[in-house]
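Per-entry structural report
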Number of protein chains: 2
Amino acid sequence: MNKKYLLAPGPVQVPSEVLLEMAKPIIHHRTEEFEHTIARVQELLQELFQTKGPVLTFASSGTGAMEAAIVNLHSQKESVLVVRNGKFSERLGAIAEAYGLDVQYIDIPYGDAVEPKAIQERLTADVNIKSVLIEYSETSTGTMNNIEEISKIVKKTDALLIVDAITALGVVSVPCEEWGIDAVIGGSQKSLMLPPGLSFLWCSKRAWARSEKSNLPKFYFNIQEELKALKKNTTAWTPAISLINGLKVALEMMQEYGWNNLYEKNRKLALAVQAGIKALGLEIFSRNSSISVCAVQVPTGVDGVLLVKKMKDEYGVTIAGGQGELKGNIFRVGTLGYIDRTDILVFFGTLEAVLKELGYLFQPGSGINAAQKVMY
Amino acid sequence: MNKKYLLAPGPVQVPSEVLLEMAKPIIHHRTEEFEHTIARVQELLQELFQTKGPVLTFASSGTGAMEAAIVNLHSQKESVLVVRNGKFSERLGAIAEAYGLDVQYIDIPYGDAVEPKAIQERLTADVNIKSVLIEYSETSTGTMNNIEEISKIVKKTDALLIVDAITALGVVSVPCEEWGIDAVIGGSQKSLMLPPGLSFLWCSKRAWARSEKSNLPKFYFNIQEELKALKKNTTAWTPAISLINGLKVALEMMQEYGWNNLYEKNRKLALAVQAGIKALGLEIFSRNSSISVCAVQVPTGVDGVLLVKKMKDEYGVTIAGGQGELKGNIFRVGTLGYIDRTDILVFFGTLEAVLKELGYLFQPGSGINAAQKVMY
């Protein structure tokens, strides 16, 4: 009878409407009926990505689309520049290294965003850099990079700007075409309110042109094959039918809510969380906190692992701890996907209860009240 | 109100028990609760694969696990031998070619199985062949290769035997270890009664040893990374949580039914289909018809595409047509996964109705009666 709340920065809660859609009997994917679904999903994805170009869907988790972007948009031994400021940008670099690219890094302390001019300097110093790989929202540290400013710099060069927007897309507006980004990566278990198992890739015209010449080996994630299939409203390989059916419903819910309303809601919830955290005397880990996820420094004297565990086991509220070297040092709450003001009340009410239990001193009610002021 | 039957050789019908399990609220995958699920699924997969070794699960469709087998078990420019007798074995070859392997083929006419001694001859003639890639059940032509005999040949050599068993696993007994196979590939939307979106790979000890030395580029499908994760009851990348929850229930249903009962049921249904087809005066396309799928030659004067379309649109029964050059020439009915004697009655009753409409001459009731005799 105890209620459960999933407030991690992905996977997120899946609306019942979507769960029930996915629970319908499976239909065959090589049918007119499923072609209509693919076509409808494509229209909606294009609204989400703010593009008239094709958005590819893979049956994989987000890492698959990261690999797709890297193996399709580069050739043997090309140089790429990775902005490395957390676990997921490290993964972008690791994929590029696995495929034998010459990977250069801009290393940023965890919790910091990159200064756009640092990218400018590196691209000017080395005109052989074929692309810049960067996280929109680095989920591991709760940090957002300023992709709008960075795109202004990169689009003036021959380098592509490849953005992992897995936790940003659908949370903030990502006008891929207007800003001049070249590749945008997405995943299903974040703002799209689905279980994990689908990933997405959008490419600019110059990225598509690059992919035609790419000589890195690839098969499952070959975007030219997927493009050919998409033109016939199908997929190159067997699609994850039930997840795509759910995607249609999730995107329709988002569209009906209104894209700008969605971005505004997420921004407000993120600001509410930030305000509540500060009111509790806690410190936000990132110097440029993400709208998708707030990473909070665990205060001295409090066991961060225990805090996360107690919230889950005793109060039914799942947030995320820190990963790797940040384990025990931060906790992270998601403000993306199927989330509402009510969830923020639940989060602060529970956090306050657990902080009290763990001996942290604060004004009871101060967190929840500060969040309320932003939201209501 | 019209009932629908999915009788294709995959995707197959998903039991309500599985659909409802997948419709439960999503839990976070980095939790003790989900670790228990992974551990339980692993036990059950080991029963299915008849092994004590690890069985890896990928968030991808079956083609992903085909790629995983190829990129992890080979190194640059190595020679492989592909037994090519249909669309899916062509895909095995295409993946190996995409990764720059030296791909040799044994070409077999569509509908024929390979003669095991042909493999023997090729392996003797060229000791540089590092592996044999073959379909257990070639779904496009409804043909089963004799993997038991082939494994006796290949295990005496240094070559690995890599078997795509996507439509065979769970349909017939595949004693990977006992027979000395080196890699077995599976997919979720066949005998496992799930939607597409999961794929599986089991490797023998000598295949695992080979993978440690493999220098082909890989990341998402890196089996060493997945093995490390599996030892901690987790996955390298975000797993397809809802599908894995469904997998647990599906495997438990299969286990409860009894593995041997399952294989016996499938064999009987396949024989019933074959008997009914012959009784209708129709010809089975394959000279070694698969237990998983029966491909039937469309009789002269009948429009094969229309036959499949009418069965679906007018009678609610989805079977598959032919792919590529076989389009219009064959139709295929699956006898795998969540299927029962009742489905075979539905298939023949409907097929007879449509054949009659299309002007094919036969003794009404002869197909369904011949199938009944095998089943009841």
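What counts and how
- Residues numbered from 1 in each chain as written.
- Chains lettered and ligands numbered in written order.
- Predicted model: local features only at pLDDT ≥ 70, side-chain atom pairs only at ≥ 80, totals over all residues.
- Heavy atoms only, no water.
- Helix = DSSP H or I, 4+ residues; strand = E, 2+ residues; numbered from the N terminus.
- Polar contact = N/O pair within 3.5 Å; in protein donor to acceptor, adjacent residues only side chain to side chain.
- Least-squares fit on C-alpha atoms with pLDDT ≥ 70 in both.
- Contact = heavy atoms within 4.5 Å.
- Buried area = accessible area lost by both parts, 1.4 Å probe.
- Salt bridge = Lys/Arg side-chain N within 4 Å of Asp/Glu carboxyl O.
- pLDDT = per-residue confidence, 0-100.
- Pairing = 2+ DSSP bridges.

For the rest of this paragraph, the subject is the side chain of A:Ser140. All names here are of chain A. Along the chain, Ser140 turns up in the loop between strand S6 (137-138) and strand S7 (143-144). Of note is the side chain of Ser140, whose polar atom sits 2.9 Å from the backbone nitrogen of Lys87. Side chain to side chain, Ser140 and Glu138 meet in a polar contact 2.6 Å long.

Structural alignment of chain B on chain A gives an RMSD of 0.0 Å, achieved by rotating through 180 degrees and translating 0.0 Å along the axis. Both chain copies can therefore be described as sitting about a two-fold axis. Identified as the residue of chain B closest to the rotation axis by C-alpha distance is B:Ser60, at 2.4 Å. Taken together, the interface assignments show that 100% of the residues at the interface of chain B recur at the interface of chain A, consistent with an identical surface on both copies.

This part takes up the interface of chain B and chain A. Taken residue by residue, the interface counts 47 residues in chain B and 47 residues in chain A. A combined buried area of about 3,500 Å² lies between chain B and chain A, and 70% of that area is made up of carbon and sulfur atoms. On the chain B side of the contact with chain A, B:Ile26, B:Phe219 and B:Tyr220 bury the most area, a combined 17% of that side's loss. Counting every contact that joins chain B to chain A gives two salt bridges.

Moving on: the confidence of the model for chain A. In the predicted model, chain A carries a mean pLDDT of 97, and the fraction of residues at 70 or more is 100%. Across the assembled chains, the prediction reports ipTM 0.97 with pTM 0.97.

Turning our attention to the sheet that holds strand S12 (residues 293-297) of chain A. All names here are of chain A. Ordered in space as S11-S12-S15-S14, the four strands form an open sheet in which the pairing is antiparallel. Among the strands making up the open sheet, the edge pair consists of strand S11 (283-284) and strand S14 (320-321). The pairing of S11 with S12 spans two bridges and is classified as antiparallel. Across the sheet, the residue bridging to Ile284 is Val296, located in S12.

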